[in-house]
Amino acid sequence: MHEYGVALEIVRMATEAAEGRPITKVTLAVGDLSGVFSESLIMYGDLLFHDAQPSRDVLIAVNRVKAAFRCSCGVTYSPPDIFDSCPQCRGVDRTIVDGNQCIIESIEVDDE
Ligand SMILES: [Zn+2]
């Protein structure tokens, strides 16, 4: 359900940025910590873009962004599992430096 709202916002922003030109492709960056399921996002995005511009298909591409943390010991790391502790000190006192985004990276439009 969460993905529906996110997809709605993405379609709204992409449509606004396209300024009336038909959108052909939208590339998203979805972080592993964003809590967004790419598959659901693409499914809702397909539906909503189809409603917004029925005459043209929009290709939705998703670039996954791995989680990255900075530990209180100073190390920045990108663990295979997001619950893994710091590889240097085994600590869990950390801040997120990457991987919590769900944003539009780029849109492509038909300029004809
Ligand atoms: Zn550490």
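Residues numbered from 1 in each chain as written. Predicted model: local features only at pLDDT ≥ 70, side-chain atom pairs only at ≥ 80, totals over all residues. Heavy atoms only, no water.

S.K.: Even after reading the chapter, I still don't get the coordination of the zinc ion, so can you show me in this structure?
M.R.: Ideal values differ by geometry: the angle at a metal is 109.5 degrees with four tetrahedral donors, but 90 or 180 degrees with six octahedral donors. Distances from the zinc ion to its protein donors, Cys 71 (SG), Cys 73 (SG), Cys 86 (SG) and Cys 89 (SG), fall at 2.3 Å. One can describe the donor arrangement at the zinc ion as tetrahedral, given that its four donor atoms subtend angles of 102 to 115° at the metal. Here the donor residues of the zinc ion are spaced in sequence according to C-x1-C-x12-C-x2-C. On the criterion of sequence distance, the pair formed by Cys 71 in strand β3 (residues 68-71) and Cys 86 in the loop between β4 (76-77) and β5 (94-98) is long-range, its members being 15 residues apart. The same class applies to Cys 71 as to Cys 86, namely buried. (Donors = N, O, S within 2.8 Å, 3.2 Å for Na, K, Ca; no water. Tetrahedral: all angles 85-135°; square planar, octahedral: opposite > 155°, others 65-115°. Helix = DSSP H or I, 4+ residues; strand = E, 2+ residues; numbered from the N terminus. Buried < 20%, exposed > 50% of the residue type's maximum accessible area, 1.4 Å probe, protein only.)

S.K.: Sorry if this is basic, but what is going on with the sheet that holds β3 here?
M.R.: Strands pair in a sheet through their backbones, by hydrogen bonds, and they do so in one of two ways: parallel or antiparallel. Here we have three strands laid out as an open sheet, ordered β4-β3-β5, and antiparallel in their pairing. The sheet terminates laterally at β4 and β5, the two strands that pair on one side only. Bridge count between β3 and β5: four bridges; the pairing is antiparallel. Following the sheet pairing, Arg 70 is matched in β5 by Thr 95. (Pairing = 2+ DSSP bridges.)

S.K.: What am I meant to see in the sheet that holds strand β2 (residues 59-65) here?
M.R.: Taken in spatial order, the three strands line up as β2-β1-β6 in an open sheet, and their pairing is mixed. One side of each edge strand has no neighbouring strand; the edge strands of this open sheet are β2 and β6 (102-109). Looking at each pair of strands side by side, their axes are set apart by 20° on average, direction ignored. Strand direction decides the pairing type here: strand β1 (residues 23-31) and β6, joined by seven bridges, are antiparallel. Bridge pairing links Val 30 to Cys 102 in β6. The strands touched by helix α1 (residues 2-18) are β1 and β6; relative to β6, the strand with the most contacts, the crossing angle is about 40°. (Axes fitted to C-alpha atoms, helices over the stretch in contact; angles between N-to-C directions. Contact = heavy atoms within 4.5 Å.)

S.K.: I'm lost on the environment of Val 97 in this one. Help?
M.R.: Mapped onto the elements of the fold, Val 97 is located in strand β5. Classification of Val 97 as partly exposed rests on a relative accessible area of 35%. For the pair Val 97 and Gly 35, spaced 62 residues apart in the sequence, the C-alpha separation amounts to 16 Å.

S.K.: Help me understand the side chain of Gln 53 in this model?
M.R.: Relative to the elements of secondary structure, Gln 53 occurs in the loop between α2 (38-52) and β2. Here the side chain of Gln 53 touches Ile 23 through a polar contact of 2.8 Å, landing on its backbone oxygen. Each residue touching Gln 53, except ones within four places of it in the same chain, is listed here: Pro 22, Ile 23 and Val 58. (Polar contact = N/O pair within 3.5 Å; in protein donor to acceptor, adjacent residues only side chain to side chain.)

S.K.: Just checking my understanding: could you explain the nonpolar core for this structure?
M.R.: Across soluble globular proteins, nonpolar side chains show a tendency to be buried alongside one another. Residues Ile 10, Ile 23, Val 26, Leu 28, Leu 41, Phe 49 and Val 58 are the most contacted members of the largest nonpolar core, which totals 17 residues. Ranked by residue count, the leading element in this core is α1, at six residues. Residues contacting Val 58, with those up to four places away along its chain left out, are Ile 23, Thr 24, Lys 25, Val 26, Asp 46, Phe 49 and Gln 53. (Core = buried A, V, L, I, M, F, W, Y, C linked by side-chain atoms within 4.5 Å.)

S.K.: Can you help me understand α1 in this one?
M.R.: The α-helix winds at 3.6 residues per turn, so residues separated by three or four positions along the chain end up facing the same way. With 17 residues, α1 extends 25 Å between its outermost C-alpha atoms, agreeing within 8% with the 24 Å of an ideal straight helix rising 1.5 Å per residue. Along α1, the residues classified as buried are Glu 3, Val 6, Ala 7, Ile 10, Val 11, Ala 14 and Ala 18. Viewed end-on, α1 has its buried residues packed into an arc of 135°, placing them on one side of the element. Buried positions along α1 lie against β1, α2 and β6. Positive backbone phi, approximately 50°, marks Glu 19, located one or two places after α1. (Expected span 1.5 Å × (residues − 1). Arc of directions from axis to C-beta.)

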